[in-house]
Amino acid sequence: MRNENSAAANIPLVVPVSITWADNAKTVTIDGVEWRYNISSDKSVCAIGVKNLEGDLPSQVTIPSEVEGVKVTAVAADAFSHNEDIESVVIPDSVTVIADGAFFLKD
């Protein structure tokens, strides 16, 4: 997978942080892709990832820039892990953090 960020100067940081799924994670389907997401209580952070990593996914997915009116600012750990169908991910400028292991492949 490669980062096709529209603004080269605004490349998100890949940091060794643990942004994982809360017990109250929600789901939304956008353009045929089911996303899992968390919104912080103060609505300052929205972490996102593909819900069903073993499903039939398109070769390119675009992370939504907002969910429920809140900007998507983080790609969670294991957001795209273990999925070999996805060849590229379009990351919106709103994303500033990519958690460690977000794009981990099993092989």
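Residues numbered from 1 in each chain as written. Predicted model: local features only at pLDDT ≥ 70, side-chain atom pairs only at ≥ 80, totals over all residues. Heavy atoms only, no water.

Q: Help me understand the overall build of the chain, please; the structure alone is not making it clear to me.
A: Within the chain, the regular secondary structure consists of zero helices and 11 strands. In the chain, buried positions account for 38% of the 107 residues. Restricting to contacts in the chain with at least 6 residues of sequence separation, those with at least 24 account for 59%. A total of about 6100 Å² of accessible surface is found on the chain, and carbon and sulfur atoms cover 48% of it. (Helix = DSSP H or I, 4+ residues; strand = E, 2+ residues; numbered from the N terminus. Buried < 20%, exposed > 50% of the residue type's maximum accessible area, 1.4 Å probe, protein only. Contact = heavy atoms within 4.5 Å. Areas by Shrake-Rupley, 256 points an atom, 1.4 Å probe, with all protein chains shown as cover.)

Q: When you look at unusual backbone geometry in this model, what are you seeing that I'm missing?
A: Leaving glycine out, the prevailing phi sign among residues is negative, and the prevailing peptide bond configuration is trans. Look at E68: it is not a glycine, yet its phi comes out positive at around 55 degrees. Here E68 is to be found in the loop between β7 (66-67) and β8 (70-71). Given the relative accessible area of 46%, E68 is considered partly exposed. Positive phi, close to 65 degrees, is recorded for D78, a residue that is not glycine. Structurally, D78 is set in the loop between β9 (74-75) and β10 (88-90).

Q: Got a minute to help me understand the environment of I48 in this structure?
A: Its place among the elements puts I48 in strand β5 (residues 46-50). Residue classification places I48 among the buried residues on the basis of a relative accessible area of 0%. Separated by 47 residues in the primary sequence, I48 and V95 have C-alpha atoms spaced 9.9 Å apart.

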